[in-house]
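Chain by chain, the residues run as shown.
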Amino acid sequence: MAKYDVVVIGAGAAGLTAASLLAVEGKSVCLLERSPYLGGRGMAVPDEGFTVNVGGHLIEDPGSGLTKVFEHVGKTLQHGEVSAEMPVWDHENNRWGSIRDRYSGSKGELKKVIKALLNTEWDELDRWDDRPLRQWLHQHTDDQGVVDLFEFITVLECMTDNWWDHSASDNLFVRKMHFAERGTAAYSCWPGQGWDGMWADLADAFKAAGGDLRLSTPVERVVIEDRQVKGVAIARQPRVLPNEFFEEEILEADHVICTLPVWHVLNVVDEGDLPDWYAAQIKFLAQDQFRISWLGLYLATEEPVHQYDPRELSTWLRTPNTALSGFMFNQTAMDPSCSPEGTQLHVMGGIFPGEKGRDRAWLRQQMEQFEADVTEMWPGFAKSVWRRRHLVFEPSFGVIQKPGLVGMYRPHWRPPGTEGLWFAGETFRSRGIGTDRAARAAVTVVEEYLGRRLSTFGDGWRY
């Protein structure tokens with residue numbers, strides 16, 4: 001029977017971060033992943049000569065998060081191509097314009113807001129978990145162009161279906177960080193080694209430090225006895241039928257770090273091993289209505305499709321017919337290796353209410369209309385030579401970052417009353433965006449487990 005200091009469940013950004021950090025700190029760690037791929041919701045998969053980044057991600061780390069994780073484990077996260085422009089669709093007049101045009105005459109107002117934000121302490125921003133972003137902004141400006149800048153960026157980063165209903169705290173944390181570290185409102189880059197290469201680098205660091213990585217290995221349950229973690233159970237053979245008898249293999253460990261999102265956690269952790277109120281908090285956030293979900297569309301063309309710059313990130317509040325907010329970028333412009341020579345792979349998503357995610361007829365209809373919408377917005381897509389449709393619902397991208405659903409309203413990473421159990425991931429208590437948010441959550445958990453801060457990450461904020 002195998003014995004470890006820590007078992008980590010899930011080899012996405014949080015799991016790879018937690019496992020690699022602990023391994024280089026001298027702990028014996030087993031990392032389990034049910035998929036044959038690394039990266040979790042940030043995985044990149046091959047498809048007919050294309051490499052499809054199924055999460056539609058860019059890295060939003062200005063340098064203090066995921067980049068530092070790589071540094072600590074002896075690797076380098078290469079910051080590749082950086083987004084260069086932000087076209088915004090004017091749905092009232094059916095035309096494109098640059099976000100810069102909206103605040104070009106209000107740069108004084110923008111500087112005033114940036115100064116106010118940089119002078120606001122992190123602890124003060126924590127107190128804005130229950131209020132919308134625009135409420136904080138209107139304390140400092142009534143200029144609509146400046147408000148538009150902040151709110152359009154949140155559509156790209158956080159993808160709340162109603163653009164006016166973003167939490168102040170989560171978004172201001174990121175804006176403050178990006179202004180302080182990069183001198184810009186938003187920073188998005190492509191990993192220089194590609195998404196699959198990035199995850200492979202972390203996995204290599206983990207294994208080089210003695211870690212045990214097991215892909216295609218689903219966890220059946222976390223073994224907890226008398227409120228103390230004993231390890232995890234995995235099936236010796238994959239199940240064929242849901243109720244089929246199977247034999248378990250127990251991997252012993254005094255600590256388990258689970259990186260599954262809130263809608264999957266209770267599949268492996270018995271809610272009877274958690275306080276009632278804590279389990280209820282998980283189940284509340286796991287409701288379909290709080291999922292960030294989108295209709296994913298990958299279109300390849302022979303010529304790049306863009307408004308101003310091939311590396312731009314486009315966004316909109318309403319498509320012409322489906323009335324979905326969303327985003328689009330040219331993945332090939334970020335990484336030419338992701339598509340065959342002579343093609344340009346574009347990734348886009350239309351955000352829809354999570355409660356619609358199980359209505360297959362509605363989704364099919366919306367996808368047809370969404371594809372017609374993007375062709376109307378970008379006529380160049382009428383000449384696409386390759387297409388993939390992708391529903392980002394199960395698993396969802398994350399929990400909507402609305403007021404009252406972020407920060408202190410998320411379940412804590414250390415459930416009370418159960419020794420040795422930890423939750424790391426961006427659907428639990430965390431700050432940031434996407435993969436970087438998940439990595440930062442893992443850093444917090446690792447430092448809590450070790451009982452000390454890791455010097456690589458300095459004395460900055462943790463969450």
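Data block above holds the structure.
All figures in this text were calculated on a predicted structure; none of them were measured in a lab.

Caption draft 1: Focus on the overall build of the chain. Within the chain, the regular secondary structure consists of 14 helices and 19 strands. The C-alpha radius of gyration of the chain comes to 22 Å, within 12% of the 23 Å expected for a compact globule of 463 residues. The principal-axis extent of the C-alpha atoms belonging to the chain is close to 65 × 50 × 40 Å. Partitioning the intrachain contacts of the chain with sequence separation of at least 6 by distance along the chain shows that 71% fall at a separation of at least 24. Summing over all exposed atoms, the chain offers an accessible surface of approximately 18,400 Å²; the carbon and sulfur share of this is 45%. Side-chain charges of the chain comprise 48 positive and 66 negative groups, with the mean position of each set lying 2 Å from the other.

Caption draft 2: Broad picture of the nonpolar core. Among the nonpolar cores identified, the biggest contains 99 residues, and Trp-136, Phe-150 and Ile-257 are the most heavily contacted of them. Those residues in contact with Phe-150 that sit more than four places away from it in its chain are Leu-110, Val-113, Leu-133, Leu-137, Leu-172, Arg-175 and Phe-179. Counting residues in each nonpolar core, the second largest holds 32 residues, with Tyr-4, Ile-224, Val-232 and Val-269 among its members.

Caption draft 3: Structural context of the packing of aromatic side chains. Counted according to the given criterion, the structure contains 15 aromatic pairs. Chaining the aromatic ring pairs together yields one cluster made of Trp-89, Trp-96, Trp-316, Trp-378 and Phe-381. Positioned over the ring face of Tyr-187 is Arg-182, at 4.2 Å from the centre of the ring. Seen from the ring of Phe-173, Arg-431 lies directly overhead, with NZ or CZ sitting 4.7 Å from the centre.

Caption draft 4: Seen up close, helix α4 (residues 107–118). End to end, α4 covers 16 Å across 12 residues, agreeing with the expected 16 Å (1.5 Å per residue, within 8%). For α4, every residue scored as buried is listed here: Leu-110, Val-113, Ile-114, Ala-116 and Leu-117. Buried residues of α4, viewed axially, fall in a sector of 160 degrees; they line one side. Turned more than 90 degrees away from the buried face of α4, the exposed residues are Gly-108, Lys-111 and Lys-115.

Caption draft 5: Spatial organisation of the pairing of strand β1 (residues 3–9). Among the seven residues of β1, five are classified as buried, and the element is accordingly described as predominantly covered. In this sheet, strand β12 (residues 248–258) lies alongside β1 in parallel orientation, the contact comprising six bridges. Following the sheet pairing, Val-7 is matched in β12 by Val-256. Of the strand pairs in this sheet, β1 and strand β2 (residues 29–32) are connected by four bridges, and their pairing is parallel. Bridging from a neighbouring strand, Val-6 pairs with Val-29 of β2.

Caption draft 6: Local environment of the side chain of Asp-335. Following the sequence through the fold, Asp-335 ends up in the loop between α12 (331–334) and β16 (344–353). Buried charge without a salt bridge: Asp-335, with Arg-311 as the nearest opposite-charge side chain at an N-O distance of 13 Å. At 2.6 Å, the side chain of Asp-335 and the side chain of Ser-337 are in polar contact. Not counting chain neighbours up to four residues away, the residues in contact with Asp-335 comprise Trp-190 and Gly-194.

Caption draft 7: Expanded view of the packing of α4 against helix α8 (residues 168–182). Where α4 contacts α8, the two axes come as close as 10 Å, and the packing angle between them is 100 degrees. Taken together, α4 and α8 sit at an angle that is classed as roughly perpendicular. In this structure, α4 uses Ile-114, Leu-117 and Leu-118 to contact α8, whose residues at the interface are Leu-172, Arg-175, Lys-176, Phe-179 and Ala-180. The class makeup of the residues in the contact of α4 with α8 is six nonpolar, no polar and two charged.

Caption draft 8: Looking closely at the pattern of salt bridges. Throughout the structure, instances matching the rule amount to 34 salt bridges. Of the charged contacts in the structure, one is a salt bridge between Arg-431 and Asp-129, with a shortest N-O distance of 2.9 Å. Pair noted here: Arg-431 is in the loop between β19 (421–423) and α14 (434–450) and Asp-129 is in the loop between α5 (122–126) and α6 (133–137), with a separation of 302 residues, a long-range link. Classification of Arg-431 as buried rests on a relative accessible area of 0%. Asp-129 gets classed as buried once you look at its relative accessible area, which sits at 2%. Here Arg-389 ties to Glu-371 by a salt bridge, and the two come within 2.9 Å at their closest N and O atoms. Of this pair, Arg-389 sits in strand β17 (residues 386–392) while Glu-371 sits in helix α13 (residues 360–377), and the two are 18 residues apart along the sequence. Assessed through its relative accessible area of 13%, Glu-371 is described here as buried.

Caption draft 9: How the structure looks around unusual backbone geometry. A positive phi is found at Glu-48, a non-glycine position, where the angle reads about 55 degrees. Position of Glu-48 among the secondary structure elements: in the loop between β3 (44–47) and β4 (50–53). The backbone phi angle of Asp-226 is positive, close to 50 degrees, even though this residue is not glycine. Mapped onto the secondary structure, Asp-226 falls in the loop between β10 (219–225) and β11 (228–235).

Caption draft 10: Geometry of the environment of Pro-336. Structurally, Pro-336 is set in the loop between α12 and β16. Considered as a pair, Pro-336 and Arg-364 are 28 residues apart in the sequence and their alpha carbons are 31 Å apart.

Caption draft 11: Fine view of the environment of Asp-196. Along the chain, the position of Asp-196 falls in helix α9 (residues 194–208). Since its relative accessible area comes to 46%, Asp-196 is described here as partly exposed. When the C-alpha positions of Asp-196 and Tyr-37 are compared, they lie 8.6 Å apart, and in sequence the two are 159 residues distant.

Caption draft 12: Spotlight on the packing of α4 against helix α7 (residues 144–157). Relative orientation of the contacting elements α4 and α7 amounts to 55 degrees, with a least axis distance of 8 Å. Relative to α7, the element α4 is oriented oblique. Read as a crossing pair, α4 and α7 show a hand that is right-handed. Of α7, the residues touching α4 (which contributes Glu-109, Leu-110 and Val-113) are Val-146, Leu-149 and Phe-150. Taken together, the residues of the contact of α4 with α7 break down into five nonpolar, no polar and one charged.

About the criteria used
Residues numbered from 1 in each chain as written. Predicted model: local features only at pLDDT ≥ 70, side-chain atom pairs only at ≥ 80, totals over all residues. Heavy atoms only, no water. Helix = DSSP H or I, 4+ residues; strand = E, 2+ residues; numbered from the N terminus. Rg over C-alpha atoms; globule rule 2.2 N^0.38 Å. Contact = heavy atoms within 4.5 Å. Areas by Shrake-Rupley, 256 points an atom, 1.4 Å probe, with all protein chains shown as cover. Lys, Arg positive; Asp, Glu negative; His and termini not counted. Charge placed at Lys NZ, Arg CZ, Asp CG, Glu CD. Core = buried A, V, L, I, M, F, W, Y, C linked by side-chain atoms within 4.5 Å. Buried < 20%, exposed > 50% of the residue type's maximum accessible area, 1.4 Å probe, protein only. Phe/Tyr/Trp six-rings, centres within 6.5 Å; stacked < 30°, edge-to-face > 60°. Lys NZ or Arg CZ within 6 Å of the ring centre and 35° of its normal. Expected span 1.5 Å × (residues − 1). Arc of directions from axis to C-beta. Pairing = 2+ DSSP bridges. Salt bridge = Lys/Arg side-chain N within 4 Å of Asp/Glu carboxyl O. Polar contact = N/O pair within 3.5 Å; in protein donor to acceptor, adjacent residues only side chain to side chain. Axes fitted to C-alpha atoms, helices over the stretch in contact; angles between N-to-C directions. Parallel < 35°, antiparallel > 145°, perpendicular 65-115°, else oblique. Nonpolar A, V, L, I, M, F, W, Y, C, P; charged D, E, K, R; others polar. Left-handed = near helix turned anticlockwise from the far one by under 90°.

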